[in-house]
Amino acid sequence: MSNKMHVKLNVNGTDHEFLAEPRELLIYALREKLNITGPHVGCETSHCGACTVTLNGKSVKSCTMFVAQANGAEITTIEGLGSPDALHVLQENFKEHHGLQCGFCTPGMITRAAKLLEENPNPTEEEVRFGIAGNICRCTGYQNIVKSILSAASELNSAKEAAQ
Amino acid sequence: MKDEVTREDRVAGLKGLGCSRKRVEDARFTQGKGNYVDDIKLPGMLHGDFVRSPYAHARIKSINIDAAMALPGVTAVLTAKDLEPLGLHWMPTLAGDKQMVLADGKVLFQGQEVAFVVAADRYIAADAVELVEVEYEELEVIVNPFKSLQSDVVLREDLIAPDGSIPNGAHGPRKHPNHIFTWEAGELEATNQVIDNAEVVAEAEMYYHRTHPCPLETCGSVASMDKVNGKLTLWGTFQAPHVVRTVASLLSGIEEHNIRVVSPDIGGGFGNKVGVYPGYVCSIVASIVTGVPVKWVEDRMENLMSTAFARDYWMKGKISATKEGKITGLHCHVTADHGAFDACADPTKFPAGFMNICTGSYDIPVAYLGVDGVYTNKAPGGVSYRCSFRVTEAVYFIERMIEVLAIELNMDPAELRSINFIKKEQFPYTAALGWEYDSGDYQTAWDKALLAVDYKGLRAEQAERVAAFKRGETRKIMGIGLSFFTEIVGAGPVKNCDILGMGMFDSCEIRIHPTGSATARLGTISQGQGHATTFAQILASEIGLPADSITIEEGDTDTAPYGLGTYGSRSTPVAGAAAAMAGRKIRAKAQMIAAYLLEVHDDDVEFDVDRFAVKGAPERFKTMKEIAYASYHQAIPGLEPGLEAVSYYDPPNMTYPFGAYVCVMDIDVDTGVPEIRRFYALDDCGTRINPMVIEGQIHGGLTEALAVALGQEIAYDDIGNVKTGTLMDFFLPTAWEVPNYETDFTVTPSPHHPIGAKGVGESPHVGGVPCFSNAVQDAFRPFGNRHTNMPHDHWRIWQTAANLGMHD
Ligand code: FES
Ligand code: FES
């Protein structure tokens, strides 16, 4: 179609260039054009957070942004947070503390939590609960998610202390 | 040979029953490598989308697809007319009714599927949906079941005989064109007699509102018809893949061996993914018509409006007792709103599910239950939202009746429960409405719970708070919510439980590999419960190979043995039992191999953790790993090579998990905001397989209970518009609203289950809803409240306070 736009994105350190209609949502560009299927679609109305990615240093719900608006952006998704041989400390802690069940919210939840811990490396339980309130989980009741995030924070902090 | 590792080490190495094994599923889920239905992408795949009815009741005068077909990228637009020659414009429901796949002449609820557009991508499909022109003629809408039974408006003309008479339905006589069935249990006359002559009678009417399971992943399917090989493959969000295969075969005429149904990773089910939906059928037809794969994934609004609902029960109760509080009789009548088609997912013989467990945990000598199912202009599909069939309704009913009776008797509700519990020595106990409870020790659990929360202290604090409120010193009141529940799960015995005629057994097949690892396949499917982790634990303990060496596979009908799927907490009670029984078959053969290798008689070896050892000479043994190797590499006289087993398990009875919950809540009467100060949950699910997973299930189930009790609702206006079609209006709690829960347990094994397990995934929802509701209602009890309906959202709580004059 003639009305397509030329879009450049850097996702998880890799550059991508493609054509997209202006109305195409970022989540569908990621999932269907780039085959990055970690971020999920739970609502398309900004309520559930399943589609959360980090875009230019901020947590963003990729279902509520046109890919055209993201042109030139640097994006991190769950796929960019760790690797099978070197899991992100949040991935380790979600496994350790049973912070997931069906796994559908998990990519968005961990991506959000990673950003939260950058913004606030030493959060209280209340701050964690508030900080992830944009991400809905239907399975876990959040208690173990909160535990996983707090435990990851304290691991990161003790690693930092040890390094000093 | 000297044994260097201790027996405890060997047990620990298996990671079998009872240990908090970390989940094997988590590696892929935490790295974004789950494979959910919308992640499936096949070459040439097209996308389907529905034209849906904006009206709740209307005749369709015409459908014009020309403009849609003219849009570049549109391949097909299917309507009922296209499906009719294939006999697919209607489909059978799980409840013995039939349902339109695409609107056939009329629509019966808002959001009903009218036409199916197939296009190159989801955007073009959505554009084409807008271009399909449908002309409707509005009809009178009925959204209330009581009005429906009085109305002259006939919702389902297809169920009226040409002479105007009303033929029987799947569950017997119907007394009105909009009536579906009457279902009764117990003794009506005897119950009435007891209640009429009782010393004390309490009555209540309660509406258990309509809600929705709303898993985070919506429903969807990908159909791929391979015309060369005549084989249909269907991926989808199916809680019962084998049942879907059978239904697909019956509908399409494709033989069952040529259909492969796959449930990939499922993003939560909670009952939403039990039913068979028009989207699945349309994706299949579209793939057959176009010759390429077709994907259909509903959006959230479609999910809330059209694929299933839960509850919607109008319940009327009478309970009688002596002055001392001994319950003598219980009467319950339900008017059940089933929506436009009876698509409830219940075993065939139970059109109201297991609502007849409504005598609860109490020794009630005589009882009666009557249920009338009714058609209205609402979405079809009454599913068991995180509960066994209608058990949440039953437990809510009895736990409210107990509270109301306590008010009538002016008695403490905890004490009233204690007086009436079925006693430990009464098990197995046959309840007045027919079920045989397998095992229980209710009083012990109750006492433990009340002690843990310092119940007496809480009541004293509450009395002080009431006094302070009356003195004008506080605007916050305090509620103590109690619930004691008995679930009935693990459906079920083939003699009385079937779905579409298929008995509700389940299955497990085990293959032991030569090097001592194993693959086991089951007829169930995990939607987050962690089957790959916990079933391997059952098997590890049964066959003596480490859980880490056992792969569990589910959800692919080409490989898994036939099973009835995962819902109603049936996985552990039924498929878990099949796993244990198949494991025992493996062990029986292993015993013969071991005896041969050790050159002793079969009876002279015994199983010990991970090996067979000669009785009285434990240093002479063969490990299961060695036995597995021998079974493939050595000719053993009288035995076939290999080590495999399969078990189809028909449970002799249901299992009856139970629990005791206490919720402490503070309520601001001016804002209507409830604050959960404490929630204590004691669960008894029999033998505990993985305490970590159990605790996770309880946290999740309680949170879904909180949602339902405190705000989650599918609401309609008078003309059938869904008022809660997005997550803006449909309440899903966030981390901010949810408390931390305290969990506890007792263990009363099921006497008939091979490992004594009862199932746990749904207990917290079943017990949690009345507990949260009772907390709200208990807070208002000292001010004159008897019963108010859920959901107790801030507005309704505020209104309750206003009605009781607490704002004056
Ligand atoms: S899909 Fe983006 S917030 Fe739900
Ligand atoms: S783990 Fe299922 S939605 Fe969070």
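Counting starts from 1 at the beginning of each chain's written sequence and moves along it residue by residue. Chain letters and ligand numbers both follow the written order, the letters beginning at A and the numbers at 1. The predicted origin of the model limits local features to residues at a pLDDT of at least 70 and limits the giving and counting of side-chain atom pairs to 80 or more, whereas totals for whole chains, interfaces and linings rest on all residues. The side-chain values count all of the structure's non-hydrogen atoms but skip hydrogen atoms and water molecules.

1. Quick notes on the sheet that holds strand E14 (residues 294-297) of chain B
Residues and elements named next belong to chain B. Strand pairing is assigned whenever DSSP detects at least two bridges linking the two strands. Numbering goes from the N terminus for both helices and strands, where a helix is a DSSP run of H or I of at least four residues and a strand is a run of E of at least two. Judged by pairing direction, the sheet is mixed, and its seven strands sit side by side in the order E3-E7-E1-E14-E11-E12-E13 without closing on themselves. The open sheet has two free edges, formed respectively by strand E3 (74-78) and strand E13 (259-262), since each of these has just one partner strand. Across this sheet, the average inter-strand angle for adjacent strands is 20 degrees, counted without regard to direction. Note: strand E11 (residues 220-226) against E14, four bridges, orientation antiparallel. Its bridge partner being in E14, Gly220 is matched across the sheet by Val297. Strands strand E1 (46-52), E3 and strand E7 (113-119) of the sheet are contacted by helix H5 (residues 122-131), whose axis makes an angle of about 25 degrees with E1. Here the axes come from fitting lines to C-alpha atoms, over the contacting stretch only for helices, and the angles between their N-to-C directions go from 0 to 180 degrees. Contacts are assigned to residue pairs that have any heavy atoms within 4.5 Å of one another.

2. Observations concerning the packing of aromatic side chains
The aromatic pairing rule takes the rings of Phe, Tyr and Trp, using the six-membered ring of Trp, and pairs them if the centres are within 6.5 Å, calling planes under 30 degrees apart stacked, those over 60 edge-to-face and the rest tilted. One pass over the full model with this rule turns up 40 aromatic pairs over all chains. Each ring, one from A:Tyr28 and one from B:Tyr123, has its centre 6.2 Å from the other, and the planes form 90 degrees; the classification is edge-to-face. Of this pair, A:Tyr28 sits in helix H1 (residues 26-33) while B:Tyr123 sits in helix H5, placing the two residues on different chains. Here A:Tyr28 matches B:Tyr123 in class, with each residue buried. An aromatic cluster of at least three residues, connected via ring pairs, comprises B:Tyr362, B:Phe421, B:Phe427, B:Tyr442, B:Trp446, B:Phe484 and B:Phe658. For a ring to carry a charge above it, either NZ of a lysine or CZ of an arginine must fall within 6 Å of the ring centroid while also lying within 35 degrees of the normal to the ring plane. For the cation-ring pair, B:Arg587 lies above B:Phe607, with the distance from its terminal atom to the ring centre recorded as 4.4 Å. Stacked on the ring of B:Phe745, the Lys or Arg B:Arg688 has its end atom at 3.7 Å from the ring centre. For the exposure calls, accessible area comes from a 1.4 Å probe over protein chains only, and a residue counts as buried if that area is under 20% of its type's maximum, exposed if over 50%, partly exposed in between.

3. With respect to the interface of chain A and chain B
Listed by partner, the interface residues are 50 residues for chain A and 54 residues for chain B. Buried area is calculated as the accessible area (1.4 Å probe) missing from two parts once they are joined, with the contributions of both summed. Overall, the association of chain A and chain B removes approximately 4,500 Å² of surface from exposure, summing both partners, and the carbon and sulfur fraction of that is 54%. Salt bridges are defined by distance alone: a side-chain nitrogen of Lys or Arg within 4 Å of a carboxyl oxygen of Asp or Glu. Where chain A packs against chain B, one counts six salt bridges. A salt bridge links B:Asp38 to A:Arg31; the nearest nitrogen and oxygen atoms lie 3.7 Å apart.

4. Digging into the domain arrangement of chain B
Residue and element names in this part refer to chain B. A domain assignment, automatic or from a database, supplies the domain bounds used here. When the domains of chain B are assigned, the result is domain 1 (7-34 + 506-649), domain 2 (37-139 + 218-266 + 273-306) and domain 3 (390-488 + 654-803). A separation of 40 Å is found between the C-alpha centroids of domain 2 and domain 3. Carbon and sulfur atoms make up 64% of the area that domain 2 and domain 3 hide from each other, which totals about 670 Å². Between domain 2 and domain 3 we count zero salt bridges in total. Between N or O atoms, a polar contact is any pair within 3.5 Å; within protein, one atom must be a potential hydrogen donor and the other a potential acceptor, and residues adjacent in sequence are included only when both atoms are from side chains. Connecting domain 2 to domain 3 are two residue pairs in polar contact (both at pLDDT 80 or more). Across the side of domain 2 that touches domain 3, the residue classes tally to five nonpolar, one polar and one charged. By the convention adopted, Pro, Cys, Tyr, Trp, Phe, Met, Ile, Leu, Val and Ala count as nonpolar, Lys, Arg, Asp and Glu as charged, and the other residues, Gly among them, as polar.

5. So, the pattern of salt bridges
Residue and element names in this part refer to chain B. Tallying each qualifying case throughout the model produces 68 salt bridges over all chains. In this structure, the salt-bridge partner of Asp558 is Lys231, at a minimum N-O distance of 3.0 Å. Of this pair, Asp558 sits in the loop between strand E25 (550-554) and helix H16 (571-598) while Lys231 sits in strand E12 (residues 231-236), placing them 327 residues apart in sequence. Its relative accessible area of 22% is what places Lys231 among the partly exposed residues.

6. Side note on the side chain of A:Thr54
Summarising the element assignment, A:Thr54 is placed in strand E3 (residues 52-55). The residues touching A:Thr54, leaving out its near neighbours within four places in the chain, are A:Glu74, A:Ile75, A:Thr76, A:Thr111 and A:Lys115.

7. Some thoughts on the UniProt feature "domain: Aldehyde oxidase/xanthine dehydrogenase a/b hammerhead" (unreviewed entry) in chain B
UniProt positions are given in the numbering used here, feature names are shortened, and annotations may be inferred rather than shown by experiment. What UniProt calls "domain: Aldehyde oxidase/xanthine dehydrogenase a/b hammerhead" (unreviewed entry) maps, in this numbering, to residues 31-140 of chain B. In residues 31-140 of chain B, helix accounts for 17% and strand for 36%; the two terminal C-alpha atoms are 52 Å from one another.

8. Let's talk about the nonpolar core
Residue and element names in this part refer to chain B. The set of buried Ala, Val, Leu, Ile, Met, Phe, Trp, Tyr and Cys residues whose side-chain atoms join them within 4.5 Å is what this entry labels a nonpolar core. One finds Phe354, Met355, Tyr437 and Phe772 to be the most contacted residues of the largest nonpolar core, which totals 223 residues. Other than its neighbours up to four places away in sequence, Tyr437 contacts Ile357, Thr359, Gly360, Ile422, Phe427, Pro428, Tyr429, Ala431, Tyr442, Thr486 and Tyr656. Counting 47 residues, the second-largest nonpolar core is a separate cluster that includes Ala580, Val614, Tyr649 and Ile689.

9. Quick word on the packing of helix H18 (residues 691-710) of chain B against helix H19 (residues 763-780) of chain B
Residues and elements named next belong to chain B. Running from N to C, H18 and H19 cross one another at 45 degrees; their axes reach a closest spacing of 8 Å. Relative to H19, the element H18 lies oblique. Note that H18 runs across H19; the crossing there is right-handed. Across the interface between the two elements, Gln697, Ile698, Gly701, Leu702, Glu704, Ala705, Leu706, Val708, Ala709 and Leu710 from H18 touch Pro764, His765, Gly768, Val769, Phe772, Ser773 and Val776 from H19. For the contact of H18 with H19, the class distribution of residues is eleven nonpolar, five polar and one charged. Put simply, angles under 35 degrees are roughly parallel, angles over 145 are roughly antiparallel, angles from 65 to 115 are roughly perpendicular, and the rest are oblique. Working rule for handedness: look at the near helix, and if it is turned counterclockwise from the far one by less than a right angle, call the crossing left-handed; if clockwise, right-handed.

10. Here we look at the pairing of strand E30 (residues 658-668) of chain B
Residue and element names in this part refer to chain B. The element E30 is extensively covered by neighbouring structure, given that eleven of its eleven residues are classed as buried. Because side chains alternate across E30, one face comprises the buried residues Phe658, Ala660, Val662, Val664, Asp666 and Asp668, and the other comprises Gly659, Tyr661, Cys663, Met665 and Ile667, equally buried. The pairing of strand E20 (residues 476-486) with E30 spans eleven bridges and is antiparallel. Its bridge partner being in E30, Met478 is matched across the sheet by Asp666. Direction of pairing for E30 relative to strand E31 (residues 673-684): antiparallel, over a ladder of eleven bridges. Residue pairing in the sheet places Asp668 in a bridge with Val673 of E31.

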